[in-house]
Amino acid sequence: MKLLTAFLLSLLVLAAHGQNKYATVTGHIIDENENGIANVSIIVLGKSNGISATDSGIFTLKVPAEKSFALVFTHTGYNPMQKNFYLSPGETEQVTIRMLKNGKTLQTVIIKDDKEHNETGLVKINPKNAITMPSTTGGVEALIKTLVGSNNELTSQYNVRGGSYDENLVYINDFEIYRPYLVSSGQQEGLSLINPELTRNVNFYTGGYQAKYGDKMSSVLDIQYKKPTTFAGSAYISLLEQGFSIEGAAKNGAITYLAGVRNKSNNNVLSSQPTVGSYIPSASDAQAYITYKMSERWQLELLGIVSTSRFHFYPESVKKTASVFSPLFTANLGLDVFFTGQEKDSYGSSLIGATLINNASKKLKLKWMLSHFTDKEKENYDIGGAYLFGERDFDNNSATFGQIINSLGSGYYQNYARNQLNITVWNVSHKGSFDKGNHFIQWGAGIEQNNINDKLAQFEYRDSAGYSLPYTPGPLTLYNAQNSAANLSIEKYSGYLQDNIHIIKTKNDMSLQAGVRFNYNSFTKEFLVSPRAQLSYKPNWEKDIVFKAAAGIYDQPPFYREYRMPNGVINTNIKSQKSAQFVAGMDYNFKGPDELPFRFTTEAYYKSMWDVVPYDIDNVKIQYLGSNNAKAYATGIEFRLFGELVKDAQSWLSIGLMRTRENINNDYYYDYKNAEGEIINANTSDKIVTDSVKNEVGWLRRPTDRLITAGLFLEDYLPTNKNFKVHLNLLYGSNMSYNIPGSVRYRNGLIIDPYMRVDIGFSALLLSEKSARRSHSPFKSFENIWASLEVFNLINRDNTISYQLIKDFSNTTYAIPNRLTPRLLNVKIVGRF
């Protein structure tokens, strides 16, 4: 018995001794923005097996004690990290591992990250391509246009799945930003508030997005600025835009900073437009982003943006031409206009945001945010135009070549405006997240105060053949006039709660994101609840395929523009627009030629909308009808292929098919008949009306309806030298509708021809191999310098953006197209240090 007891005691001692030969390492793996990185691989150096971190970057690993070892952390798209340890038996070491992006552009196109692979509607965009892509506007929005289409190279606005630009959310570091509202044409626009040189991460959601994102109906553009670790910077100069930025860190990384300034003057582009005159556009901005790590758990972030834009225009004349073909009549119609007057517009906006972050524990993260946004706009113009309209002579041998030889009409019009708009937005919000294993819970709540003060004083006068339009026998009547003022103070309350659930994590992988969002608006007095859910399923197949689906309610409370009716009066009974959205698709990663990575995605969607506020679009100006008197739908399917045609050169192709229609309440017109049953014009016919037929208009194309959109971005280089590159940007969009103002019968009855555009850029590396330069070289601090030659509108296509409606002597209306820019050249030099 004693021997047995001694033997058992010996076993217990040996077991205890064996157990004490191990220790534990537990920690949190984060990126530059303190966000957890999912599925990081963790192994002991020299071993072949390891573990993966959770979706929020948490890990716990049993390791050998009383001996030196190293843990290696790897994740595609990030630089590998190695950390050395020497732990006592039974000791638990808690660490925070910060992994940095490896800077390779491939990661933004080929999915290496489960979030992009699994999340519905998400496209990650590399902001560095915004500098290399040939585009008249530049910026992140130019990249987005290749994914969703465009019909205007002068604007940074974009439409997603049948929605207007007002239906898109844009965030910088979780602060919502806005664009000027009085801008009516692309030539008046300045710089986008997004500076791509400061940007680290761009997430673009085309639909079906989570409850944590705000209350709009189309898309989300989520921008995160960098948190640098070393000093660096860049400078670029071109005929259109110039910029300079620096970044760095201090106090062993406790403080990081970013700063950038830009200036834009696209006079070179505007002066090529058909309207001859003096264009004086200018835009500039300054941005800064500073972070301060006060302790292991507390961090303060500050973001500041100041942007100004001015547009002065002194028009002189314009010659427009349109060809008319019919079995009975063929002609080249011309419109010559001679202007007097000027336009002076100014737009200024600023954002100041502060964020306080508390990493209460490895699993609990809390954030408090305070922001102040201001927007000040002035629109002043007084331009008159005397015009002659008729058939233009295109006979090169004629003495009247280029002139109007058969006059069909003449007249005069005047456009006048003295408009002002001031918007102030205060926002206080809280956000939090809690990692509970297979559950990642997120919540948020915010209060927003909107103060809107505006004055609209504008009119349009038209005279045709000596008669003021619309013609009335009494006092003079203006064609269009607005004279109103508003001073609104609106409170908004919003919040959300969502859970990202990892349902299955074995052979098959399934994730569910389920959440609910609420908002209350003191103007509409609506309390709206929006449930949303996203599901992804990855079967245990040899092929890397993920199936995705999403459904939810997406409401859009009105902001400044929706309040106003066409006559300028505020509609106090306006309500939020509402939609139910359904999305389903798949995501497939595969190897292409030469084992290069490719990714193919497709998504089908359907949006049912009600309480819709109809609108018209003229150039970039959105004019709402000011009441919730329509229902609408949008449905379509999108295909995208991302990949490398040659190694380290990314390209993509995006194709979309879409239909969007609206049905406005009580939109009808009458056909009038005479005694013979013929349909006649009751206003001009000398025959007696004996009968009338009421016609319901029904479903019509929306202003954003476009059956086909296609975008292509190609990057290539010489087979023998990567230092000579070419970038190609191609856009195609089928025809769109254009509204005839004041017409029920012919609403959206005009057709804008398909939009086709090709931009190409050629780049050469002028300076590299920093270590080989002489110490007294003025470029000794530069890492590299690139020079680019860009050709805009390579095919020199005359794209149409809108129409000018002109009446002849017989009161017949003609639509004369307003054209966009012809072929242009641009030179750009970019240096990084």
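Please read all numbers here as calculations on a predicted model, not as lab measurements.

It is worth spelling out the overall build of the chain at this point. Helix and strand counts for the chain come out as six helices and 45 strands. Here the C-alpha atoms of the chain give a radius of gyration of 31 Å, agreeing with the 28 Å that 2.2 N^0.38 yields for 833 residues. Reported as C-alpha extents along the three principal axes, the dimensions of the chain are approximately 130 × 65 × 50 Å. Counting over 833 residues, the chain shows a buried share of 52%. Carbon and sulfur atoms form 57% of the exposed surface of the chain, whose accessible area is close to 37,400 Å². Here the chain carries 85 positive and 78 negative side-chain charges, and the mean point of each set is 7 Å from the other.

Within the fold, Lys216 resides in the loop between strand 11 (199-205) and strand 12 (219-225). There is no salt bridge for the buried Lys216, and the closest opposite charge comes from Glu176, which lies 4.2 Å off by N-O distance. At a separation of 3.3 Å, a polar atom in the side chain of Lys216 contacts the main-chain carbonyl oxygen of Asp166. Lys216 has contacts with Asp166, Glu167, Asn168, Leu169, Glu176, Tyr209, Tyr554, Asp555 and Gln556, leaving out every residue within four places of it along the chain.

Now for the pairing of strand 15 (residues 255-264). Look at any regular strand and the pattern is simple: side chains alternate between the two faces of the sheet. Judged by which residues are buried, strand 15 turns out to be one-sided: Thr256, Leu258, Gly260, Arg262 and Lys264 face inward and are buried, whereas Ile255, Tyr257, Ala259, Val261 and Asn263, on the alternate face, are not. Relative to strand 15, strand 14 (residues 241-250) runs antiparallel, the two sharing 10 bridges. Among the inter-strand pairings, Gly243 is bridged to a residue of strand 15, identified as Arg262. Counting the residues in the hairpin turn of strand 14 and strand 15 gives four residues, including Lys251, whose phi is positive at 50 degrees. Pairing of strand 15 with strand 16 (residues 276-293) involves 10 bridges; the strand directions are antiparallel. Opposite Ile255, over in strand 16, you have Tyr292 as the bridge partner.

So, on to the confidence of the model for the chain. Model confidence for the chain is summarised by a mean pLDDT of 86, while 90% of its residues fall at 70 or above. In the model, residues 1-19 has pLDDT below 50 throughout and makes zero contacts with residues more than four positions away in sequence or in other chains. The low-confidence segment residues 103-113, where pLDDT is below 50, has 34 contacts with residues more than four positions distant or belonging to other chains.

Overall, mixed pairing links the three strands, which are arranged 4-1-7 in an open sheet. Bordering the open sheet on either side are strand 4 (58-64) and strand 7 (92-98), each of which pairs with just one other strand. On average, each strand axis in the sheet is inclined to that of its neighbour by 25 degrees, with strand direction left out of account. Bridge analysis of strand 1 (residues 22-30) against strand 7 gives seven bridges, and the strand direction is parallel. Residue pairing in the sheet places Ile30 in a bridge with Arg98 of strand 7.

In this section: the nonpolar core. Membership of the largest hydrophobic core comes to 58 residues, with the highest contact counts inside it found for Tyr158, Phe204, Leu221 and Tyr560. For this core, the leading source of residues is helix 4 (residues 139-148), giving six residues. Those residues within four positions of Phe204 in sequence are excluded, and the remaining contacts are Gly121, Leu122, Val123, Ile125, Ile144, Leu147, Val148, Tyr158, Val160, Ser219, Val220 and Leu221.

Moving on, we get to the pattern of salt bridges. Summed over the entire model, instances satisfying the criterion amount to 31 salt bridges. Residue Asp166 pairs with Arg561 through a salt bridge whose shortest N-O separation is 2.8 Å. One end of the pair, Asp166, is in the loop between helix 4 and strand 9 (168-172); the other, Arg561, is in helix 6 (residues 560-563), with 395 residues separating them in the sequence. For the residue pair Asp166 and Arg561, the accessibility class agrees, reading buried in each case. Residue Glu247 pairs with Lys226 through a salt bridge whose shortest N-O separation is 3.1 Å. Note that Glu247 is positioned in strand 14 and Lys226 in the loop between strand 12 and strand 13 (232-238), a separation of 21 residues in sequence. Salt bridges sharing partners connect three or more residues here, namely Arg161, Glu603, Glu638 and Arg640.

Here we take up a nonpolar patch on the surface. On the surface, a nonpolar cluster with roughly 620 Å² of combined accessible area is contributed by Ile447, Tyr493, Leu497, Val516, Phe518, Phe527 and Val529. Taken together, the elements giving at least two residues each to the nonpolar patch come down to strand 23 (480-505), strand 24 (509-521) and strand 25 (526-538). Here Phe527 lies in strand 25.

The buried count for helix 4 comes to 10 of 10 residues, which makes it a mostly enclosed element. Those residues of helix 4 that fall on the buried side of the exposure criterion are Gly139, Val140, Glu141, Ala142, Leu143, Ile144, Lys145, Thr146, Leu147 and Val148. At the C-terminal side of helix 4, Gly149 shows a positive phi close to 95 degrees.

Note: most peptide bonds trans; most residues except glycine with negative phi. In this model, Arg161 sits at a positive phi of 50 degrees, which is unusual for a non-glycine residue. Locating Arg161 in the fold gives a position in the loop between helix 4 and strand 9. On the basis of relative accessibility, which here comes to 7%, the residue Arg161 falls in the buried class. The phi dihedral of Asn666 is positive, around 60 degrees, even though this residue is not glycine.

Ordered by their spatial adjacency, four strands build an open sheet running 3-2-5-6, and the pairing between neighbours is antiparallel. The outermost strands of the open sheet, each flanked by one partner alone, are strand 3 (50-52) and strand 6 (81-85). In this sheet, adjacent strand axes meet at a mean angle of 20 degrees when their direction is disregarded. Here strand 2 (residues 41-44) pairs with strand 3 via three bridges, running antiparallel. Among the inter-strand pairings, Ile43 is bridged to a residue of strand 3, identified as Gly50.

When you line up the elements, Ser484 lands in strand 23. Overall, Ser484 belongs to the buried group, its relative accessible area being 18%. Among the polar contacts made by the side chain of Ser484, one reaches the main-chain carbonyl oxygen of Gly568 at a distance of 3.0 Å. Excluding anything up to four places from it in sequence, Ser484 contacts Asp454, Lys455, Leu456, Arg564 and Gly568.

Under the definition given, this model contains 33 aromatic pairs. Look at Phe59 and Phe73: their rings are 5.6 Å apart centre to centre, the planes differ by 65 degrees, and that puts the pair in the edge-to-face class. Here Phe59 is found in strand 4, whereas its partner Phe73 is found in strand 5 (residues 69-74), with 14 residues between them in sequence. Each member of the pair, Phe59 together with Phe73, is buried. Taking 6.3 Å as the distance between ring centres and 35 degrees as the angle between the ring planes, the aromatic pair formed by Tyr387 and Tyr413 counts as tilted. Taken together, the residues span a long stretch of sequence, with Tyr387 in strand 19 (residues 364-392) and Tyr413 in strand 20 (residues 404-436) at a distance of 26 residues. Pair check on accessibility: Tyr387 and Tyr413 agree, each one buried. Site record: aromatic cluster; members linked through ring pairs are Tyr171, Tyr205, Tyr209, Tyr213 and Tyr554. One residue, Lys62, lies across the ring of Tyr22, its end atom 4.7 Å from the ring centre. Of note, Lys694 hangs over the ring of Tyr668, and the distance from its end group to the ring centre comes to 4.1 Å.

Another aspect to go through is the environment of Glu715. Checked against the element boundaries, Glu715 lands in strand 37 (residues 708-718). Counting along the chain gives 153 residues from Glu715 to Glu562, while the straight-line C-alpha distance between them is 41 Å. Setting aside chain neighbours within four positions, we find Glu715 in contact with Ala649, Gln650, Ser651, Lys725, Val726 and His727. Within polar-contact distance, the side chain of Glu715 engages the backbone nitrogen of Gln650 at 3.2 Å.

Tracing the backbone through its elements, the reader meets Glu32 in the loop between strand 1 and strand 2. Once you skip the residues sitting within four places of it in the chain, Glu32 turns out to touch Met99, Leu100, Lys101, Arg200 and Lys227.

Each value, and the rule that gives it
Residues numbered from 1 in each chain as written. Predicted model: local features only at pLDDT ≥ 70, side-chain atom pairs only at ≥ 80, totals over all residues. Heavy atoms only, no water. Helix = DSSP H or I, 4+ residues; strand = E, 2+ residues; numbered from the N terminus. Rg over C-alpha atoms; globule rule 2.2 N^0.38 Å. Buried < 20%, exposed > 50% of the residue type's maximum accessible area, 1.4 Å probe, protein only. Areas by Shrake-Rupley, 256 points an atom, 1.4 Å probe, with all protein chains shown as cover. Lys, Arg positive; Asp, Glu negative; His and termini not counted. Charge placed at Lys NZ, Arg CZ, Asp CG, Glu CD. Salt bridge = Lys/Arg side-chain N within 4 Å of Asp/Glu carboxyl O. Polar contact = N/O pair within 3.5 Å; in protein donor to acceptor, adjacent residues only side chain to side chain. Contact = heavy atoms within 4.5 Å. Pairing = 2+ DSSP bridges. pLDDT = per-residue confidence, 0-100. Axes fitted to C-alpha atoms, helices over the stretch in contact; angles between N-to-C directions. Core = buried A, V, L, I, M, F, W, Y, C linked by side-chain atoms within 4.5 Å. Patch = residues over 30% accessible without salt bridge, like charges linked within 9 Å, V, L, I, M, F, W, Y side chains within 5 Å. Phe/Tyr/Trp six-rings, centres within 6.5 Å; stacked < 30°, edge-to-face > 60°. Lys NZ or Arg CZ within 6 Å of the ring centre and 35° of its normal.

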